[in-house]
Each structure stands twice: as C-alpha cells, then as structure tokens.
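# Structural overview
The chain contents come next:
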Amino acid sequence: MDLQLLAQTLDELGEPPFRARQVWRWTSRGADSYESMTDLPLALRSVLAERVPFSTLAVENEAHARDGTVKALFRTADGHPVEAVLMRYRDGRRSLCLSSQSGCPLTCTFCATGQMRFGRNLTASEVVDQALHFRRLGPVDHAVFMGMGEPLMNLDAVLAACERLPDVGITARRTAISTVGWIPGIVRLAADPRPLGLALSLHAADPVLRSALMPVNDRYPLEDVLAACEDYHRRKRRKVFVEYVMLAGINDSHVQAVQLADALGSAGPNTYKVNLIPYNPTGSAFEGSSPKAIEAFRAELERRGLRATVRLTRGRDIDAACGQLAAAG
Ligand code: SF4
C-alpha cells in the first residue's frame, strides 16, 4: 500500500490524521481489504478501495513447496516482475526473503536473477507489500533482503521499508541485509542506529575467481569490502554473516577453504559466521558441490577457528531456493 498516497487521499477527503494510522494498523496485522476494516466508516472504505490500491503489487502466481515454503510472483503497477519467498522452519520461525529490485544490474554468473534484464529499483511500498502479502497468510518474524537485486544499491527504499517492518512483526534485529560488497551501502548501514544485520555474499576469496563470478569485485575489491564489514562489526557489535555458494570444481577445494579462512581469520573469531550454501542448478553452467565436498570445506574452516554451517535448502521443488529467483520478465 502506498502510504503517501493514502495520507494524501485522506487529507483531500478531509479525514482526520488518525485515519491513516487506523488503516495501517489493520493492514500491518494482515487485513486483506479495506472492506474488513470495521472501525472505518463504510463510505470511506469504498472510496479508499477506488482511490488507493490495497497493494502496489498484483499477485501473479503463488507456488507452495512440500516443505511449507511459499514463493510469490508479483507485478508492479508498471509491469515489472518481483519475487519473494516465505520460509517456514520447524522451530516456528517464519522468515521472508524479500526483493529490493526487479532484476539486478549486477551480473553474478551463478545467479538466475543476474541473468534477467534489470527493471528498476523497487519503492519502499513495493518492498513492504511483499511482506504484507505473506502476513496475510499468518504471522511472520524474520526477513532477509536476499531476493532479487542488490539491496545496498537501493538503500533509501530498503531502510524506509525497514522502518515499517516492525509493525508487520519483523524487528530490525531480525532483519538482515545481504550484499555482494557494495561498500557505500555497508558504510551507511554501519552508521544506521538500528540493529540491522549484515550478510556478505563472498563466494571466493581469490580475487581473480571472485571477479569472474561477481564482476562487482573489480569495482569494490574484497579486501576493502572486508574492511568495511569489520568496521560494521566494531560499531554494531554484531557478527557479519558470510554467504558462500558451493560450486563443484570452482570454489570448493581445500586450498580455497584455506584462502577463505585466511581472508576472514585475521579479524578475530567472532567477527564472521560462514554459511555454506548448497548450489541450486539454475540452468547455468555450474554444478553444486557434493555433500562430501561441502562437509570437508566446512570442517577445514572450523579447524581454522571460523564458525561455519551448511544452510538448509528450502523450496527447491518450486525454484525458491537461493539464486533461483528469476521471474520471466
Ligand atoms: S547474486 Fe545478488 S547482486 Fe549478484 S546478480 Fe544475483 S541478485 Fe544481483
């Protein structure tokens, strides 16, 4: 819901300022229409339905995986595709993977989103509307900006959305922003007073390989990115999550585990936590590493004093796992 348009419309209708808060209270708690906002005058409900679209996104498709994961494909009012995912965990967590852009201007070679045409940055309302869609299915409590796009390239809208997410049930402490290493954004995030989490998509410690996988590495070399992450850690006193997608024969060797441990190790044992991500083939040239190779890589990192876990893969049967968001645009 475009809250600016809502406020402006209510103002034009001569309604008192508390009406906007009333509408938002209902919406953020999962109402699915103006119709259901029973403490709003009936006439006002129907005027709002005509003048302020209930969502800035239209749902085009919703896929449900066997493990409870739900992936939604939306369209913006001007026709851009956006995807978001709800992951339900056994411990009760309900976590959202949100998109910040339609498509992505960065072209990481292993990523399905990076292979599609870049549309545009999403507005804060379009980000929040992804979360509201899933809130209508039930309570939600965590979010990661790990869907389509590089969130730190659209940080104003992402931070504005983070201002609203606590009303939907997702506090700043339970929100993490994932980046490929967009340094100006990391610097701003470190200075933001909210306890927003930071995740770095690292994928290779060797500069030549990293640039081949993620061209952004030429603009912001890993060494500088890690310095920015370590500053974030010092200021926030929060661990930085390192995401490392495991590509068979590309970045999963023993030597590469040692390189990664060396790159991260000098910052001290509590600065980083590594998440090894089994790769989901997306029709690209890459294959995922075997469980044995992933475990050997993890064990080597641990042996060198880093905390490392293997991410549970969710929603693989509906292409909702990491790196698989790519609506045909
Ligand atoms: S991994 Fe992230 S930054 Fe890279 S192309 Fe995909 S969406 Fe963009």
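Residues numbered from 1 in each chain as written. Predicted model: local features only at pLDDT ≥ 70, side-chain atom pairs only at ≥ 80, totals over all residues. Heavy atoms only, no water.

### Describing the site of the ligand
Where we set the bar: Whether a residue is near a molecule or strand depends on its heavy atoms: it is near if one of them lies within 4 Å of it. Residue polarity follows a fixed list, in which Ala, Val, Leu, Ile, Met, Phe, Trp, Tyr, Cys and Pro are nonpolar, Asp, Glu, Lys and Arg are charged, and the others, Gly among them, are polar.
Neighbouring the ligand are C104, L106, C108, C111, T113, G114, G149 and V180. Split into classes, the residues belonging to the shell around the ligand amount to five nonpolar, three polar and no charged.

### Notes on the domain arrangement of the protein chain
To keep it simple, the criterion reads: Marked domain ranges trace back to an automatic or database domain assignment. Only heavy atoms matter for contacts: two residues are in contact if any of them lie within 4.5 Å across the pair. Here the quantity called buried area is the total loss of accessible area, with a 1.4 Å probe, experienced by two parts when brought into contact, counted for both.
The assigned domain composition of the protein chain is domain 1 (1-54) and domain 2 (55-318). The straight-line distance from the C-alpha centre of domain 1 to that of domain 2 is 34 Å. The partner domain 2 presents eleven residues to the twelve residues of domain 1 that form the contact. Of the roughly 960 Å² buried at the junction of domain 1 and domain 2 (both faces included), carbon and sulfur atoms supply 53%. It is M1, W24 and S28 in domain 1 that bury the most area against domain 2; as a group they hold 47% of the surface buried on that side.

### Section: helix α3 (residues 42-51)
Inclusion rule: Whether a residue is buried, partly exposed or exposed follows from its accessible area with a 1.4 Å probe, protein chains only, as a fraction of its type maximum: under 20%, in between, or over 50%, in that order. Going along the chain from the N terminus, every DSSP run of H or I of four or more residues is numbered as a helix, and every run of E of two or more is numbered as a strand. The arc in question is traced by the directions running from the helix axis to the C-beta atoms.
Taken together, the buried positions of α3 are occupied by L44, R45 and L48. Taken end-on, α3 shows its buried residues confined to a sector of 105°, consistent with a single buried face. For α3, the exposed residues set more than 90 degrees away from the buried face come down to L42, A43, A49 and E50. Next to the buried residues of α3 lie α1 (3-12) and α2 (18-28).

### Quick notes on the sheet that holds strand β7 (residues 142-145)
For clarity, the cut-off: In this analysis, strands are considered paired if DSSP registers two or more bridges between them. Note on definitions: angles span 0 to 180 degrees between N-to-C directions of axes, and those axes are lines fitted to C-alpha atoms, for helices only across the stretch in contact.
On the basis of which strands lie adjacent, the open sheet formed by ten strands has the order β1-β2-β3-β4-β7-β8-β9-β10-β11-β12 and mixed pairing. Each of the sheet's edge strands pairs with one partner strand only, and the pair in question is β1 (57-64) and β12 (307-310). Across the sheet, the axes of successive neighbouring strands diverge by a mean angle of 20°, strand direction being ignored. Pairing analysis gives six bridges linking strand β2 (residues 70-76) to strand β3 (residues 81-88), with the strands arranged antiparallel. Among the inter-strand pairings, F74 is bridged to a residue of β3, identified as V82. Where helix α12 (residues 291-303) meets the sheet, its contacts fall on β10 (240-246), β11 (272-278) and β12, and the angle it forms with β12 comes to roughly 165°.

### Side note on unusual backbone geometry
Positive phi, normally seen in glycine, also occurs at H203, with a value near 65°. Take H203: it is sitting in the loop between β9 (197-201) and α8 (207-213). Residue H203 is classed as buried on the basis of its relative accessible area, which comes to 4%. Even without a glycine there, the phi angle at R237 is positive, about 55°. Within the element layout of this structure, R237 appears in the loop between α10 (222-236) and β10.

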